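# Examining the three-dimensional arrangement
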Amino acid sequence: MPRLTPSTAQDFALSAVDADFALDPYPDYATLRKHAPLCKQHDGSIVVTRYADVKQALSDPQIFSADKKVDFYPRFGDSPLYEHHTTSVVFNDPPYHTRVRKLLGPFFAARVLREMEASIRAMVDRLLDEAEASGHLDVVHNYANIIPLNLIGDLLGVPHAEREPLKEWATIILGALEPVRTTEQLAAGNHAVDEFKEYLRELIARKKQNPPSAARMDVLWALVQASEGGDGLTEIEILHNSIFMLNAGHDTTGSLIANGVDLLLRNPQKQAQLAADQNLIRPAVEEMLRLESPLQIGNRRTVADTALGEQK
């Protein structure tokens with residue numbers, strides 16, 4: 001796919017992008033922002049690239065809906081993938097979105113995350129010690145993906161010995177959201193959803209037989225208890241929001257870590273600057289997110305007449 005030019009920007013088709021675009025989309029984003037900031041697609045949707053327009057679309061759920069039932073049905077039909085991606089919190093609007101966030105919020109409070117910091121440090125030290133001993137480090141597979149997988153595994157109360165399949169399930173299920181998927185890839189995604197649900201049902205059954213103590217409370221068990229109290233989620237909602245937590249947390253955080261390492265390796269002066277001053281870590285992470293975002297696209301559906309930028 002050739003790079004966009006001022007004269008071809010309006011013809012950009014997201015459904016036709018190739019691997020070269022995926023590896024480096026930023027020149028085309030810049031061309032779109034300048035010459036086709038609201039780029040109409042063949043299916044009637046609009047690719048939006050200006051900051052102010054994106055912020056508007058993501059900040060008003062009354063006009064720009066995150067609910068994906070209309071968008072996902074033609075792609076997935078009545079399938080496990082459709083059930084999953086239309087039940088998880090990220091693809092729903094208030095009040096359901098608000099209710100799920102309220103249940104999950106306490107587990108992501110700053111105090112809780114600070115308490116997990118020691119175990120995260122120990123895990124990072126162990127992974128780096130193993131890399132030093134072997135003289136080799138695959139940053140993606142042996143470092144970036146392992147950290148969030150184990151962090152979310154801890155939050156969900158998944159035993160360490162049972163975490164290996166989670167990574168593959170997450171990759172396959174999230175892969176179904178790519179703009180172009182084959183029939184075989186969609187079938188694999190549906191199978192992964194079914195396997196993941198079955199595993200969580202079995203894990204919940206074990207937790208009911210041996211409930212975690214208050215000191216070792218995990219998200220999955222907390223959601224189960226809330227549902228039994230009458231103010232929580234249904235079983236299907238618990239299963240799919242637990243799958244979403246693992247999928248989203250594993251994929252985006254792993255990509256952030258890998259992208260961050262890559263940026264530092266490609267900018268040795270910045271790497272040395274960061275190593276010399278740890279106060280720069282927080283702004284450095286923000287800059288890594290800005291430069292190489294793990295998420296390159298999101299979408300909303302308008303549910304009322306509105307204007308975005310200069311376009312109705």
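A brief structural summary. This one's a predicted model, so the numbers in the text were calculated from it and none came from an experiment. The residue numbers shown here count from 1 along each chain, following its written sequence. Two thresholds apply to this predicted model, a pLDDT of at least 70 for residue-level local features and 80 or more for giving and counting side-chain atom pairs, whereas whole-chain, interface and lining totals are computed over all residues. Hydrogen atoms and water are omitted, and side-chain values are computed over all heavy atoms in the structure.

## Here we look at the overall build of the chain
As a reminder of what qualifies: Runs of H or I in DSSP of at least four residues are treated as helices and runs of E of at least two as strands, each being numbered from the N terminus. In this treatment the radius of gyration is a C-alpha quantity, and the globule benchmark scales as 2.2 Å times the residue count to the 0.38 power. Only the protein chains shown count as cover for residues, and all accessible areas are computed by the Shrake-Rupley method using a 1.4 Å probe. Asp and Glu are treated as the negative residues and Lys and Arg as the positive ones, with His and the ends of the chain left uncounted. Here the site of a charge means NZ on Lys, CZ on Arg, CG on Asp, or CD on Glu.
Scanning the chain from N- to C-terminus turns up 15 helices and 4 strands. The C-alpha atoms of the chain give 21 Å as radius of gyration, which agrees with the globular expectation for 312 residues (20 Å, within 12%). Counting only C-alpha atoms, the chain reaches 65 × 50 × 40 Å along its principal axes. Working note: accessible area of the chain is about 18300 Å², and carbon and sulfur atoms make up 55% of it. Between the averaged position of the 32 positive side-chain charges in the chain and that of its 43 negative side-chain charges there is a distance of 6 Å.

## A few points about the packing of aromatic side chains
Formally: Geometry of aromatic contacts follows a simple scheme: Phe, Tyr and Trp rings, the Trp one being its six-membered ring, pair when their centres are within 6.5 Å, and the pair is stacked under 30 degrees between planes, edge-to-face over 60, tilted otherwise. The buried label applies to any residue whose accessible area, calculated with a 1.4 Å probe on protein chains only, is under 20% of its type's maximum; exposed applies above 50%, and partly exposed to all values in between.
Tallied over the full model, the rule gives 8 aromatic pairs. Both rings, one in Phe72 and one in Phe76, keep their centres 5.4 Å apart while their planes meet at 70°; by these two values the pair is edge-to-face. Here the residue Phe72 and the residue Phe76 both occupy positions in helix H4 (residues 69–76), the gap between them amounting to 4 residues, near one helical turn. By relative accessible area, Phe72 is classed as buried at 5%. Assessed through its relative accessible area of 9%, Phe76 is described here as buried. Among the aromatic residues, those joined into a ring-pair cluster are Phe12, Phe21, Tyr26 and Tyr29.

## Some remarks on the packing of helix H12 (residues 219–228) against helix H13 (residues 235–266)
Test applied: Every angle, taken between N-to-C directions, lies between 0 and 180 degrees, and every axis is a line fitted to C-alpha atoms, over only the stretch in contact when it is a helix. Between 65 and 115 degrees an angle is taken as roughly perpendicular, under 35 as roughly parallel, over 145 as roughly antiparallel, and anywhere else as oblique. By convention the crossing between two helices is left-handed if the near helix lies anticlockwise of the far one by an angle smaller than a right angle, and right-handed if it lies clockwise. Note on definitions: a residue-residue contact is assigned when non-hydrogen atoms from the two residues lie within 4.5 Å. The classification used treats Ala, Val, Leu, Ile, Met, Phe, Trp, Tyr, Cys and Pro as nonpolar, Asp, Glu, Lys and Arg as charged, and all other residues, Gly among them, as polar.
In contact at an axis separation of 11 Å, H12 and H13 are set at 160° when each is read in the N-to-C sense. As judged from the angle between their axes, H12 and H13 are roughly antiparallel. Helix-helix and strand crossings are classified by hand; for H12 and H13 the assignment is right-handed. Where H12 abuts H13, its residues Val219, Leu220, Leu223, Val224 and Ser227 lie against Ile238, Ser242 and Met245. Its residues assigned to classes, the contact of H12 with H13 shows 6 nonpolar, 2 polar and no charged.

## Overview of unusual backbone geometry
Looking along the chain, the bond that leaves Pro94 and enters Pro95 is cis, with omega of 10°. Relative to the elements of secondary structure, Pro95 occurs in the loop between helix H5 (80–85) and helix H6 (96–104).

## Digging into the nonpolar core
Inclusion rule: Throughout, nonpolar core names a set of buried Ala, Val, Leu, Ile, Met, Phe, Trp, Tyr and Cys residues whose side chains join them through atoms within 4.5 Å.
With 41 residues, the main nonpolar core has Leu156, Leu166, Phe196, Val219 and Leu246 as its most contacted residues. Elements represented by at least two residues in this core include exactly H4, H5, H6, helix H9 (146–156), helix H10 (164–175), helix H11 (183–209), H12 and H13. The greatest single-element share of this core, amounting to 8 residues, is contributed by H11. Contact partners of Val219, with chain neighbours within four places excluded, come to Leu104, Phe107, Leu155, Leu156 and Met245.

## Side note on the pattern of salt bridges
The criterion, for reference: Any carboxyl oxygen of Asp or Glu that lies within 4 Å of a side-chain nitrogen of Lys or Arg is treated as forming a salt bridge with it.
The tally for this structure, following the rule as stated, stands at 19 salt bridges. Its salt-bridge partner being Glu237, residue Arg99 comes within 3.8 Å of it at the nearest N-O pair. Here Arg99 is found in helix H6, whereas its partner Glu237 is found in helix H13, with 138 residues between them in sequence. Among the residues examined, Glu237 registers a relative accessible area of 15% and is labelled buried. With its nearest N and O atoms 3.2 Å apart, the salt bridge here joins Glu130 to Arg126.

## A word on the side chain of His85
As a reminder, the rule being used: Pairing of N or O atoms within 3.5 Å defines a polar contact, subject to two protein rules: one partner must be a possible hydrogen donor and the other a possible acceptor, and residues neighboring in sequence count only if both atoms are side-chain atoms.
Mapped onto the fold, His85 is located in helix H5. His85 gets classed as buried once you look at its relative accessible area, which sits at 2%. At 3.3 Å, the side chain of His85 and the backbone oxygen of Ile173 are in polar contact. Contacts of His85, omitting those with residues within four sequence positions, involve Phe72, Phe76, Phe91, Ile173 and Leu177.

## Observations concerning the layout of surface pockets
Quick note on the threshold: For each structure, a 1 Å grid was placed over the protein atoms alone; sets of points admitting a 1.4 Å probe that cannot get out are labelled cavities, open sets with protein on both sides within 12 Å along at least five of seven lines are labelled pockets, and lining residues have an atom within 4 Å of a point. Grid points are joined across faces, edges and corners, and a volume is the space filled by probe spheres set on the points.
By volume, the second largest pocket amounts to about 690 Å³. Lining the second largest pocket are 25 residues, with Asp154, Gly157, Arg216, Met217 and Asp218 positioned closest to its centre. Among the elements of the structure, helix H7 (110–134), H9 and H11 are those that each provide at least two residues to the lining of the second largest pocket. Ranked by residue count, the leading element in the lining of the second largest pocket is H7, at 5 residues. Tallied by class, the residues present in the lining of the second largest pocket amount to 12 nonpolar, 5 polar and 8 charged.

## Focus: the side chain of Ser65
Inspection of the secondary structure puts Ser65 in strand E3 (residues 64–65). Polar contacts involving the side chain of Ser65 include one to the side chain of Asp93, which spans 2.4 Å. Setting aside its immediate chain neighbours within four residues, Ser65 contacts Asp93, Arg300, Arg301 and Val303.

## Brief notes about the environment of Glu287
Note on placement: Glu287 falls in helix H15 (residues 281–291). Classification of Glu287 as partly exposed rests on a relative accessible area of 35%. A sequence separation of 177 residues divides Glu287 from Ala110, and the C-alpha atoms of the two residues are 21 Å apart.

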